[in-house]
Amino acid sequence: MSAEVVSVDVETNVVALSGSDTSVVETAISNALAAYFDPNVWDWTKSVVRVNEVISLIDGVAGVDYVSSVVLGGTAEIYPAGADNFTVNGSTGDIELNNLGTLVGNNGSAHAITVT
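The rules behind each value
Residues numbered from 1 in each chain as written. Predicted model: local features only at pLDDT ≥ 70, side-chain atom pairs only at ≥ 80, totals over all residues. Heavy atoms only, no water. Helix = DSSP H or I, 4+ residues; strand = E, 2+ residues; numbered from the N terminus. Contact = heavy atoms within 4.5 Å. Pairing = 2+ DSSP bridges. Salt bridge = Lys/Arg side-chain N within 4 Å of Asp/Glu carboxyl O. Buried < 20%, exposed > 50% of the residue type's maximum accessible area, 1.4 Å probe, protein only. Arc of directions from axis to C-beta. Expected span 1.5 Å × (residues − 1). Core = buried A, V, L, I, M, F, W, Y, C linked by side-chain atoms within 4.5 Å.

Mapped onto the secondary structure, alanine 110 falls in the loop between β6 (102–106) and β7 (112–115). For the pair alanine 110 and valine 10, spaced 100 residues apart in the sequence, the C-alpha separation amounts to 7.3 Å. Every residue in contact with alanine 110, bar those within four places of it in the chain, is listed here: Asp9 and Val10.

Put into structure tokens, the structure is as follows:
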């Protein structure tokens, strides 16, 4: 089976702990997201990318006080062409992977991380 890949982009606003270097925290968040959305380690049976899991991931990064918002989006990297492989759930904000074998990818260049 060929994998279908959805590159996930994350828009987040984060408040850093007092005394933390915001640029260091931003880089750490970016690295954590890259590791989480790595298609080489994504569980093929996992069919939803949950906003709450992403919030938890970011909140666990050193230097983060709290996460004030997270919005998920996706870009289809479709194999085979024409497949409809994800939807963003309007009520939860979760990304639903519609087809067996759909993996997530890291769309790091599209992440919008604001740390204050």
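Let us now look at the sheet that holds strand β4 (residues 86–88). Taking strand neighbours across the sheet as the criterion, the three strands line up as β2-β5-β4 in an open arrangement whose pairing is antiparallel. Strands at the two margins of the open sheet, each flanked by one partner only, are β2 (48–49) and β4. Examined bridge by bridge, β2 and strand β5 (residues 95–97) share two bridges and lie antiparallel to one another. When the bridges of β5 are listed, valine 49 appears paired with isoleucine 95.

Before going further, it helps to examine the pattern of salt bridges. Opposite charge on two side chains makes pairing possible when the charged atoms of those side chains draw close. Inspection of the entire model under this criterion finds two salt bridges. Linking aspartate 94 and arginine 50 is a salt bridge whose minimum nitrogen-to-oxygen distance equals 3.2 Å. Separated by 44 residues along the polypeptide, aspartate 94 in the loop between β4 and β5 and arginine 50 in the loop between β2 and α2 (51–59) bring together distant segments of the chain. The buried category is assigned to aspartate 94, whose relative accessible area is 9%. The class of arginine 50 is partly exposed, set by a relative accessible area of 39%.

Turning next to α2. When α2 is considered as a whole, its buried residues turn out to be Val51, Val54 and Ile58. Relative to the axis of α2, the buried residues are bounded by an arc of 60 degrees and lie together on one face.

Turning our eyes to something else, we now look at helix α1 (residues 22–36). Along an α-helix, a turn takes 3.6 residues, which lines up residues three or four apart on a common side. A rise of 1.5 Å per residue sets the reference length of α1, with its 15 residues, at 21 Å; its end C-alpha atoms lie 21 Å apart and thus fit the reference within 8%. Within the span of α1, buried status applies to Val25, Ile29, Ala32, Leu33 and Tyr36. Seen end-on, α1 carries its buried residues on one side only, within an arc spanning 100 degrees. Away from the buried face of α1 by more than 90 degrees, exposed residues Val24, Asn31 and Ala35 are located.

By size, the foremost hydrophobic cluster in this structure holds 28 residues, and its most contacted members are Ile29, Phe37, Val54 and Leu72. Elements represented by at least two residues in this core include exactly β1 (4–16), α1, α2, β3 (64–77), β5, β6 and β7. Among all residues touching phenylalanine 37, those that are not within four sequence positions of it are Val8, Val10, Val49, Val54, Val104, Gly105 and Asn106.

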